[in-house]
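Each chain, written out:
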Amino acid sequence: MRRALGLILLALGVFAVAGSVLLPTYVYPKLAKVPLDQDSTSVLEGTASKVLAVTDKGTGPVTEIRENAKLTATARVQANFARPEMREGTDYAVWLLAVQVKDDLDGTVVSASKRQVCFDRRTSEGYDPRGDADPKCTRESSYVTQLKDKADKDGEKPPEQNIYQAQPGLNFKFPFGTEQQDYQVYDDNTGKAVTAKFTGTEEVNGIETYKFVQNIPDTKLETKSVPGSLVGAADSSIDADLYYRGINTMWVEPVTGVQVKQQQQQHQELRPATGNPTVVFDGTLAYNAKTIAQMVDQINENKGKLQFLSSTGPLWLGIGGGVLIVVAGYLLLRRRPAAPPAPPRRRREPVGAGR
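Here's a quick rundown of the structure. Every chain's residues receive numbers from 1 upward, in the order its sequence appears when written. Local features in a predicted model are, by the rule used here, given only for residues with pLDDT of at least 70; side-chain atom pairs are given and counted only at 80 or more, and totals for whole chains, interfaces and linings are based on all residues. Hydrogens and waters are ignored; side-chain quantities use all the structure's heavy atoms.

### Focus: the pattern of salt bridges
By definition, a salt bridge exists where a carboxyl oxygen of Asp or Glu is found within 4 Å of a side-chain nitrogen of Lys or Arg. On inspection of all chains with the given rule, the structure shows 17 salt bridges. Ionic pairing is found between Asp-103 and Arg-66, a salt bridge with its closest N-O pair at 2.8 Å. Linking Asp-103 in strand E3 (residues 92-103) with Arg-66 in strand E2 (residues 61-79), this pair joins segments that are 37 residues apart in sequence. Per-residue accessibility, obtained with a 1.4 Å probe over protein chains only, is compared with the maximum for each type, and a residue is labelled buried under 20%, exposed over 50%, and partly exposed between these values. Given the relative accessible area of 12%, Arg-66 is considered buried. Residue Lys-303 pairs with Glu-253 through a salt bridge whose shortest N-O separation is 3.7 Å. One end of the pair, Lys-303, is in helix H2 (residues 289-333); the other, Glu-253, is in the loop between strand E10 (237-252) and strand E11 (259-272), and 50 residues separate them in sequence. Where salt bridges share partners, they join Glu-64, Arg-66, Asp-103 and Asp-106 into one cluster. Here a helix means four or more residues in a row that DSSP labels H or I, a strand means two or more in a row labelled E, and each is numbered from the N terminus.

### Things to note about the state of the cysteines
Whenever a pair of cysteine sulfur atoms sits within 2.5 Å, that pair is classed as a disulfide. If you walk through the whole model with that rule in mind, you get 1 disulfide. Each disulfide pairs two cysteine sulfurs, and for Cys-118 the partner residue is Cys-137, the sulfurs being separated by 2.0 Å. Negative torsions about the S-S bond denote left-handed disulfides, and the value of about -60 degrees found for Cys-118 with Cys-137 makes this one left-handed. Taken together, the positions of Cys-118 in strand E4 (residues 109-120) and Cys-137 in the loop between E4 and strand E5 (143-147) put the pair 19 residues apart, joining distant regions of the chain. Residue Cys-118 is classed as buried on the basis of its relative accessible area of 0%.

### Considering the side chain of Lys-173
By secondary structure assignment, the location of Lys-173 is in the loop between strand E6 (160-164) and strand E7 (183-187). Of the side chains bearing the opposite charge, Glu-253 lies closest to the buried Lys-173, which forms no salt bridge; the N-O distance is 8.5 Å. Distance and chemistry together define a polar contact, namely a pair of N or O atoms within 3.5 Å, with one atom able to donate a hydrogen and the other to accept it when in protein, and with adjacent residues in sequence counting only for side-chain atoms on both sides. Within the structure, Lys-173 has its side chain in polar contact with the backbone oxygen of Thr-256 (distance 2.9 Å). Sequence-distant contacts of Lys-173, defined by excluding residues within four places in its chain, comprise Val-34, Ser-124, Thr-256, Gly-257 and Gln-259. Residues scored as positive are Lys and Arg, those scored as negative are Asp and Glu, and His as well as the terminal groups of each chain are ignored. Only heavy atoms enter the contact rule, under which two residues are in contact if any of them lie within 4.5 Å.

### Considerations on the packing of aromatic side chains
Any pair of Phe, Tyr and Trp rings, taking the six-membered ring for Trp, is counted once the centres come within 6.5 Å. Such a pair is stacked with planes under 30 degrees apart, edge-to-face with planes over 60 apart, and tilted for the rest. Counted under the stated rule, the structure contains 10 aromatic pairs. Residues Tyr-183 and Phe-212 carry aromatic rings whose centres are separated by 5.8 Å and whose planes lie at 75 degrees to one another, so their mutual orientation is edge-to-face. On the criterion of sequence distance, the pair formed by Tyr-183 in strand E7 and Phe-212 in strand E9 (residues 207-227) is long-range, its members being 29 residues apart. Residue classification places Tyr-183 among the buried positions, given a relative accessible area of 11%. Given the relative accessible area of 0%, Phe-212 is considered buried. Above the face of the Phe-176 ring, Lys-173 is positioned so that its terminal group lies 4.0 Å from the ring centre. As a reminder, the over-ring test applies to NZ of lysine and CZ of arginine, requiring each to be within 6 Å of the ring centre and within 35 degrees of the ring normal. Taking the ring centre of Tyr-243 as reference, the NZ or CZ of Arg-271 above it sits at 3.9 Å.

### Brief notes about the sheet that holds E11
Read across the open sheet, the 12 strands follow the order E6-E5-E4-E3-E2-E1-E12-E11-E10-E9-E8-E7; overall the sheet is antiparallel. Two strands lie at the open edges of the sheet, namely E6 and E7, each paired on one side alone. Strand after strand, the sheet turns through a mean of 25 degrees between neighbouring axes, direction not considered. Where E9 meets E10, 15 bridges bridge the pair, whose relative direction is antiparallel. Paired with Val-213 across the bridge in E10 is Thr-249. Being paired, for any two strands, means DSSP has found at least two bridges between them. Interaxial angles span 0 to 180 degrees and are taken between N-to-C directions of axes, which are lines fitted to C-alpha atoms, for helices over the stretch in contact.

What follows is the structure, encoded as structure tokens:
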């Protein structure tokens, strides 16, 4: 009985120790991926001391600089299952991000952008082929949507066109198991990966986060043809360079890599060849309370599972397995105690003997 119990405990101990090794090295990498199916919306709110608005009340587009405007930015992320990368078991996903910023006063759209990116489901890195002989993502799976320079007809909005380009750096989130180090994060405005520096830890809505700050220096984005009146010129239209700088701050829960909170400070101005620059945007937007609560719910749903696979599970399995192996060894190797000597047998004498 003791030997049978020892063998059972030994088998359980070996199984537990093997599990403590396999959970973080094999199971965790297989399961720590963002889901293919994605349809989420986040909202940022804030104010702009100056913002460019273009309206059309039936007499043609009118350009104006609004001051002290309250703005709401809505960002929707959707999975694109039409792309070949979106198959079961894949390490890459293709998501589409559409952002629209409105003036709360009258609902005027002051800016809008759209881009699609193929990225690594584990690291959140946007795929950059860099001459790969066997690219993981097709060229058409990553693009940025821009307006053409001219409309097809006068008075109409210029049509959209997709510019196919890689979007390197982190996209949508930070990697699982985010560390206290600097990361390259994709910046929508410059179309480049810019360093986000780790600056410390901070608690947000009861969640311990790592704080990262991304400083984008003064950068020329493009040269645009704008109304002369917008930049103080007498000409009906004039070419001006659009410059941008900003500070993006991200509060990241390290186990899941989810951005609990995000804040964007941006400054854009038009600089003509002569004359003073004209500020077309200067403001700060941040996640609203509802979006932060949604991020916290997402973290609470997944953090425990990831921690079990990567740390707590292996720890307890390793300890438990070790204890079981020690107990099994004791039962199997312990010598049985010697049997006590048998009592002397009494000699039976026939009846009547000795008479």
